[in-house]
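Residue strings, one per chain:
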Amino acid sequence: MTREQRLRRIVKPAVFALCLGPLAWAAWLAASSGLGANPIEAAIRHFGDWGLRFLLIALAVTPLREITGLSQLARFRRMIGLFAFFYVFLHFSAYVGLDQFFDWQAIWADIAKRTYITIGMAAFALLVPLAATSTKGWIKRLGGKRWQVLHRAVYAAGVLGVIHYFLMIKAGYREAAVYAVLLALLLGWRLFARWRKRAAKGAGTPLPA
Amino acid sequence: MLIRFARASDVKSSEITPKAVFEERRRFLKTAAVAGAGLVAGHFLPAPAEAALQGITKGRFSTDEEPTSQMSITSYNNFYEFGGDKTDPARNSKNFKPKPWTVAVGGHCEKPGTYAYEDVIKGLPLEERIYRLRCVEAWSMVIPWVGVPLGDVLKKYGPTGQAKYVAFETVVRPEEMPGQKTPLLPWPYVEGLRMDEAMHPLAILAVGLYGEELLPQNGAPLRLMVPWKYGFKSIKSIVKITFTETEPPTTWNKQGPVEYGFYANVNPTVDHPRWSQAKERRIGEFLRRDTLMFNGYADQVAGLYAGMDLRKFY
């Protein structure tokens, strides 16, 4: 098997299966009443946690690729990004369908009144067009550059996601702080890389006299 | 994170003895013990200390709503002294020693001092009070508490005319309460009531639950239960009672004054900034139900707040 075949037939399906892990875990807990006394809350938290984690993993792909020089990593970025959306969607659906039971009036009141829900919904809304335009066809249709600009919205979604988590907590911010630091590192790395690139370019051009 | 793998040491639900079987076994042992003791000593010996509480009478004000399962009540708890997750208290309270226990009484009263737990409740009949409990996070339970009227306890210490409020404190034992090793909240946890609220017959000091002694995760050995207020008012594992002239600085009120008022009365028309208070999910139910004013105890307690702007004094 060539390296390309190995990647396509073994590694990719393996990563895909791994990404389904949190869903399988939730299903197992639900079936064995391991979700505890308030299973709806537990499910919402579980999917929300994993939505944020996958978003951070997706954001880590590019820095990891450039640091390690493993160019194949880029091949997993779309899949991981879509899994992030998948878990965020489950998080959203559990809130709408299980927690509020499609009580749109109550949901709308929540969005209008409660900052953490407003922000969470905004993050979700930002991710929808990204998920929808994740295909090759859409990259072509939009043109690489415009597509890229659109998909930078993921940075904003990440920031909003972390704020959403922070605002929800009553006390004890340790886990949220970990996400915030990771996100800051991932976004900070991009700023740094950009600055370095620009500086390198600047060094190449002679200064005006 | 909320979801964890069960530890090997955790009790599986299949290993828990059904209450009826457990009680039957207990009754048999007791009968046998009494019979045996009777043979040896020729007279009745007091039964050894055990978890089941004796001589419980049915209290006034109990709701006839279906109580939440004992499993849920003892496994889904907000008790930050044992950790921030609701599953932490049941898991992290194994080393907590609720007995022996003393309560320091002080402030504006005639009989300040340090009293043994047994003396605090001595002479008062243990009553079963089935109360609704409403958490500020918009979930609720129905809990069969066993306890004594708070007012009767406070009267023992002769609060003076200067006693306008009563403050309570939770024990600080970081070695037994791992949550206290982190600054989740400023320890010790402090709560308080206005004197007339504390003297109201609905307010109790709970010592038991489902006919048995309180477990650490539920606030053993002695906790407040004020059913018309959000759960966080009902302070757990009390070691200190102080009669004060001014409103005591309460923990959640200090933590977030905009979110948690001193009164913390259940009020569907005054929203917490992050949780609508109009509805609640009863643990074990799927759909949310409407939250009732003063948690359904308005007939008894609304008079305490006559003339007060409940939007201001939330």
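Residues numbered from 1 in each chain as written. Chains lettered and ligands numbered in written order. Predicted model: local features only at pLDDT ≥ 70, side-chain atom pairs only at ≥ 80, totals over all residues. Heavy atoms only, no water.

Brief notes about the overall build of chain A
So, step 1. Looking only at helices and strands, chain A has 10 helices and 0 strands in total.
So, step 2. If you list the helices and strands of chain A from N to C, you get α-α-α-α-α-α-α-α-α-α.
So, step 3. In terms of principal-axis extent, the alpha carbons of chain A reach across some 70 × 50 × 35 Å.
So, step 4. Relative to its full complement of 209 residues, chain A shows a buried share of 40%.
So, step 5. Across chain A, contacts joining residues at least 24 apart in sequence account for 68% of those joining residues at least 6 apart.
So, step 6. If you sum the accessible surface of chain A, you get close to 12300 Å²; carbon and sulfur atoms cover 70% of it.
So, step 7. Looking at charge distribution, chain A has the averaged site of its 27 positive side-chain charges lying 18 Å from that of its 8 negative ones. (Helix = DSSP H or I, 4+ residues; strand = E, 2+ residues; numbered from the N terminus. Buried < 20%, exposed > 50% of the residue type's maximum accessible area, 1.4 Å probe, protein only. Contact = heavy atoms within 4.5 Å. Areas by Shrake-Rupley, 256 points an atom, 1.4 Å probe, with all protein chains shown as cover. Lys, Arg positive; Asp, Glu negative; His and termini not counted. Charge placed at Lys NZ, Arg CZ, Asp CG, Glu CD.)

Describing the sheet that holds strand E7 (residues 190-194) of chain B
Residues and elements named next belong to chain B.
So, step 1. Taken in spatial order, the 5 strands make up an open sheet running E3-E2-E11-E6-E7, and their pairing is mixed. In this open sheet, the two strands that pair with only one neighbour each are strand E3 (113-116) and E7. Going across the sheet, the axis of each strand differs from the next one's by a mean of 20 degrees, ignoring polarity.
So, step 2. Across 4 bridges, strand E2 (residues 102-107) lies against strand E11 (residues 238-244) in parallel orientation. Across the sheet, the residue bridging to Gly106 is Thr242, located in E11. (Pairing = 2+ DSSP bridges. Axes fitted to C-alpha atoms, helices over the stretch in contact; angles between N-to-C directions.)

A short note on the confidence of the model for chain B
So, step 1. Per-residue confidence for chain B averages 88 on the pLDDT scale, and 84% of its residues sit at or above 70.
So, step 2. Note on residues 34-50 of chain B: pLDDT under 50 across the span, and 8 contacts to partners over four residues away in sequence or across chains. (pLDDT = per-residue confidence, 0-100.)

Remarks on the interface of chain B and chain A
Where interface size is given, it is often the accessible area lost as the parts come together that is meant.
So, step 1. Taken residue by residue, the interface counts 31 residues in chain B and 30 residues in chain A.
So, step 2. Here chain B meets chain A over a buried area of about 2500 Å², counting both sides, of which 56% is carbon and sulfur.
So, step 3. Between chain B and chain A we count 8 residue pairs in polar contact (both at pLDDT 80 or more) in total.
So, step 4. Broken down by secondary-structure element, the contributors of at least two residues to the side of chain B that touches chain A are helix H7 (251-255) and strand E12 (279-282) of chain B.
So, step 5. Taken together, the residues of the side of chain B that touches chain A sort by class into 17 nonpolar, 7 polar and 7 charged. (Buried area = accessible area lost by both parts, 1.4 Å probe. Polar contact = N/O pair within 3.5 Å; in protein donor to acceptor, adjacent residues only side chain to side chain. Nonpolar A, V, L, I, M, F, W, Y, C, P; charged D, E, K, R; others polar.)

With respect to the pairing of E12 of chain B
All names here are of chain B.
So, step 1. Bridge count for strand E5 (residues 139-149) against E12 is 2 bridges, and the pairing is parallel. Opposite Ser140, over in E12, you have Arg282 as the bridge partner.
So, step 2. Where E12 meets strand E13 (residues 289-290), 2 bridges bridge the pair, whose relative direction is antiparallel. Each residue of the ladder has a partner; that of Lys279, found in E13, is Asp290.
So, step 3. The hairpin formed by E12 and E13 contains 6 residues between the paired strands, and Gly284 there has a positive phi angle of roughly 100 degrees.

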